Amino acid sequence: MESTKSEPHRVLELFSGIGGMRMALEHAGKGFEIVSAIDVNPIANEVYKHNFGSKTVRNGNILSLTAEKVTKLKVDTILMSPPCQPFTRNGKFNDINDRRSDPFLHICDLLDKMPLVKFILMENVKGFENSQACEMYKARLREAGFHYQQYILSPHQFGVPNTRHRYYCIAKRNGADFKWKSEDIITTPQDDYGAKQTLVGTIVDTQQDALEQYGLKSATLLKHLPLMDICTPESTNSMCFTKAYTHYAEGTGSVYCPLSRQDFDRTYALAMGAEEDEDRKLTLLRELHVRYFTPKEVARLMSFPEHFSFPETVTNKQRYRVLGNSINVFVVSVLLREL
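The structure presented is a predicted model; accordingly, all values stated were derived computationally and were not measured.

**A short note on the sheet that holds strand 3 (residues 57–59)**
As summarised here, the arrangement of the seven strands in space is 3-2-1-4-5-7-6, forming an open sheet in which the pairing is mixed. Strands at the two margins of the open sheet, each flanked by one partner only, are strand 3 and strand 6 (146–153). With strand direction ignored, the average angle separating the axes of adjacent strands in the sheet is 15°. Two strands pair when backbone bridges link them, and strand 2 (residues 32–39) and strand 3 are joined in this way by three bridges, in the parallel orientation.

Pasting the structure below:
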């Protein structure tokens with residue numbers, strides 16, 4: 001890990017969620033102080049407080065943030081992950097016309113009024129790069145004296161067994177250089193920092209109660225299993241986990257089978273061949289022991305440190321939702337080497 005002998009960075013964490021950006025700073029080995037972390041989601045803020053204390057995080061409306069407040073806090077670094085819904089199919093691609101974009105657009109308006117800020121990292125969903133909001137953000141950065149580098153990266157490019165393509169933009173005050181440079185959006189890591197391929201089997205818990213609590217119900221096995229992405233211990237990748245994981249069966253994240261791929265394929269083929277005998281088909285499908293990944297396992301796939309945890313008052317549904325809205329800690333830590 002890198003360390004710095006200079007003064008710690010004074011960081012403003014906007015749309016702070018459950019603290020992914022903060023954990024990425026820790027992983028990157030940067031000296032920092034979070035002077036304020038702001039989010040409107042009370043559940044996410046409770047998780048943040050549980051892990052990092054209540055001193056810096058607050059339920060707050062970013063629209064009330066002023067350049068004077070930021071300057072008074074002597075902020076030199078801003079890390080932010082604005083709501084992605086305006087830039088997704090589910091959000092109808094309403095872009096800057098979606099009210100959920102308002103806090104981000106407000107930050108855009110403040111950029112030229114915060115002279116102490118030297119570094120900004122912004123994360124959003126892949127597709128943001130084609131939005132009006134992105135064009136506006138880049139124009140405001142240039143007007144405020146920043147230059148920037150854009151990236152679309154996924155943790156699986158660094159050996160993490162999960163796909164999560166995200167758009168990133170790092171902005172620095174003019175004069176500061178970039179370690180990774182391209183006139184285009186960088187889509188391939190220029191350094192993997194010695195990352196090694198991790199198998200899904202190394203991040204899962206093996207307790208029997210995981211199957212009892214997270215196992216797929218009979219109706220899901222029969223109706224949805226053929227459409228689900230199934231990981232086995234030797235898998236080197238998994239689907240992107242969304243906030244709807246376990247709520248919707250398809251397209252929200254992978255499920256896990258503890259058998260080898262060969263054993264899974266053999267038993268699954270037998271089950272599919274028993275189409276006329278639903279009882280036998282269900283018996284065979286149950287032998288696969290397919291289950292959802294636990295919230296702790298999803299957190300590991302998103303490169304959260306092992307010490308990260310949830311308050312007991314936060315339900316599993318809430319845990320999946322806030323994880324689905326978070327970032328991959330390792331990928332952001334790589335980008336924070338630019339700090």
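**Notes on the packing of aromatic side chains**
Applying the stated criterion across every chain yields a total of 15 aromatic pairs. Ring centres 5.8 Å apart and planes at 75° place the aromatic pair Phe104 and Phe128 in the edge-to-face group. Separated by 24 residues along the polypeptide, Phe104 in helix 4 (residues 102–110) and Phe128 in the loop between strand 5 (119–125) and helix 5 (132–143) bring together distant segments of the chain. Assigned by exposure class, Phe104 and Phe128 land together as buried. Aromatic pair Phe241 and Tyr245: ring centres 4.9 Å apart, planes at 90°, arrangement edge-to-face. The class for Phe241 is buried, based on a relative accessible area of 2%. Residue classification places Tyr245 among the buried residues on the basis of a relative accessible area of 2%. Among the aromatic residues, ring-to-ring pairing joins Phe241, Tyr245, Tyr256, Tyr292, Phe293 and Tyr320 into one connected group.

**Side note on the UniProt feature "active site" (unreviewed entry) in the protein chain**
Taken from the UniProt record, the annotation "active site" (unreviewed entry) applies to Cys84. Overall, the relative accessible area of 26% leaves Cys84 in the partly exposed class. The residues contacting Cys84, other than those within four sequence positions of it, are Asn124 and Val125.

**Things to note about the pattern of salt bridges**
All told, the structure shown has 14 salt bridges when counted by the stated rule. One salt bridge connects Arg166 with Glu123, and the closest N-O pair in it is separated by 3.7 Å. Taken together, the residues span a long stretch of sequence, with Arg166 in strand 7 (residues 166–173) and Glu123 in strand 5 at a distance of 43 residues. A relative accessible area of 4% means that Glu123 is categorised as buried. In this structure, the salt-bridge partner of Glu135 is Lys138, at a minimum N-O distance of 3.3 Å. Within this pair, Glu135 and its partner Lys138 are both found in helix 5, separated by three residues, close to a single helical turn. Overall, Glu135 belongs to the partly exposed group, its relative accessible area being 42%.

**Here's the deal with the nonpolar core**
As a rule of thumb, nonpolar side chains are buried together in soluble globular proteins. Within the largest apolar cluster, 71 residues are counted, with the highest numbers of intra-cluster contacts made by Leu121, Tyr151, Leu225, Phe293, Phe304 and Leu336. Residue contributions to this core peak at six residues, all from helix 12 (residues 329–335). When residues of this core are sorted by domain, at least three fall in each of domain 1 (9–195 + 327–338) and domain 2 (206–293). Phe15, Ile62, Ile78 and Cys169 belong to the second largest nonpolar core, which has 35 residues in total.

The rules behind each value
Throughout, a residue's number is its position along its own chain's written sequence, starting from 1. Totals for whole chains, interfaces and linings use every residue, but because this is a predicted model, local features are given only for residues with pLDDT of at least 70 and side-chain atom pairs only at 80 or more, for both listing and counting. Just so you know, side-chain values use all the structure's heavy atoms and leave hydrogens and water out. Any two strands with at least two DSSP bridges between them are considered paired. For helices the rule is a DSSP run of H or I covering at least 4 residues; for strands it is a run of E covering at least 2, with both sets numbered from the N terminus onward. To get an axis, fit a line to the C-alpha atoms, keeping to the stretch in contact for a helix; angles then go from 0 to 180 degrees between the N-to-C directions. The rule is short: rings of Phe, Tyr and Trp, with Trp giving its six-membered ring, pair when the centres are within 6.5 Å, and they are stacked under 30 degrees, edge-to-face over 60, tilted in between. A simple rule labels every residue: compare its accessible area, found with a 1.4 Å probe on the protein chains alone, to the largest value its type can have, and call it buried under 20%, exposed over 50%, or partly exposed in between. UniProt positions are given in the numbering used here, feature names are shortened, and annotations may be inferred rather than shown by experiment. Contacts are assigned to residue pairs that have any heavy atoms within 4.5 Å of one another. We count a salt bridge whenever a side-chain nitrogen from Lys or Arg sits within 4 Å of a carboxyl oxygen from Asp or Glu. As used in this record, nonpolar core signifies buried Ala, Val, Leu, Ile, Met, Phe, Trp, Tyr and Cys residues forming a set joined through side-chain atoms within 4.5 Å. Marked domain ranges trace back to an automatic or database domain assignment.

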